[in-house]
Amino acid sequence: MNPADVAQAAPVAHDLSFFGLFWQAHFIVKLVMIGLLAASVWCWAIIIDKTLLYARTKRAMDRFEDVFWSGQSLEELFRSLQSRPATGLAAVFVAAMREWKRSFEGSARSFQSLSQRIDKVLDVTIQREVERLDSRLMILASIGSAGPYIGLFGTVVGIMNSFTSIAASKNTSLAVVAPGIAEALFATAIGLFAAIPAVLAYNKLQSEVGKLQSRLEGFADEFSAILSRQIDERLAHTSKAA
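Since the model is a prediction, treat every value here as computed from it, not as a measurement.

Asker: Whenever I open this one, the packing of helix H4 (residues 74–81) against helix H5 (residues 89–103) confuses me. Can you help?
Answerer: Each pair of packed helices gets described by two things: the angle between the helix axes and the distance between those axes. Contact geometry for H4 and H5: axes closest at 10 Å, N-to-C directions at 110°. Put simply, H4 runs roughly perpendicular to H5. For the pair H4 and H5, the crossing hand works out as left-handed. Here H4 contributes Leu74, Glu75, Leu77, Phe78 and Leu81 to the contact with H5, which in turn contributes Ala90, Phe93, Val94, Met97, Arg98, Trp100 and Lys101. Residue composition of the contact of H4 with H5, grouped by class: nine nonpolar, no polar and three charged.

Printed below as a string of structure tokens:
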């Protein structure tokens, strides 16, 4: 046999390790892989940050409720919290008390509408707290939904390039076809690697946000009822004095 024919028939060695599949892939496929890996790192950074944030928020809520229901006066608790940044239940409490303090020495008409104003302040504060807790979770949802399709795009480009190479070499043996297909499918695998944790974490973290929101709303209802009773008592006292 002709040495040239032997050289042509000999299979080309391919590195089928993860690094080899990446390094031998088409440059567009490489860009897709790099983007997906970066998205995966971003997802895990958000997941870790939010997990720690929600744990801190739960502990802070527990501590605040212990102090709030311990019998300490509302004025003392407000003075201890107003001078520092407040989040969670403390933020709801401080916002309502500030509105209470601003309206405390207002006219009787202003005092009568205080309950409605406090409810509005509570709603706005809860919305802000939920937005703070919910921030960047949509990134997880976006990566979770788009990641597999981005990986599939890299796979399609890789397969097209592989078939183009096969046509040019006029060799359809499995040894020639398999490495190119493996490089292309590696992009889909990375897409799934980025998307699956993102979807699972998004669902879990959204559930945690819902639980924290329920606690905020429950406390707001209880605190609003407490202030409403005090308002009624003050109005009754004012009526008797008049």
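Here the narrative resumes, following the displayed structure.
Asker: Is there a simple way to explain the environment of isoleucine 34 in this structure?
Answerer: Relative to the helices and strands, isoleucine 34 resides in helix H3 (residues 27–68). Isoleucine 34 sits in the partly exposed class, given a relative accessible area of 45%. Between the C-alpha atom of isoleucine 34 and that of isoleucine 190, which follows or precedes it by 156 residues, the distance is 9.3 Å.

The rules we used
- Residues numbered from 1 in each chain as written.
- Predicted model: local features only at pLDDT ≥ 70, side-chain atom pairs only at ≥ 80, totals over all residues.
- Heavy atoms only, no water.
- Axes fitted to C-alpha atoms, helices over the stretch in contact; angles between N-to-C directions.
- Helix = DSSP H or I, 4+ residues; strand = E, 2+ residues; numbered from the N terminus.
- Parallel < 35°, antiparallel > 145°, perpendicular 65-115°, else oblique.
- Left-handed = near helix turned anticlockwise from the far one by under 90°.
- Contact = heavy atoms within 4.5 Å.
- Nonpolar A, V, L, I, M, F, W, Y, C, P; charged D, E, K, R; others polar.
- Buried < 20%, exposed > 50% of the residue type's maximum accessible area, 1.4 Å probe, protein only.

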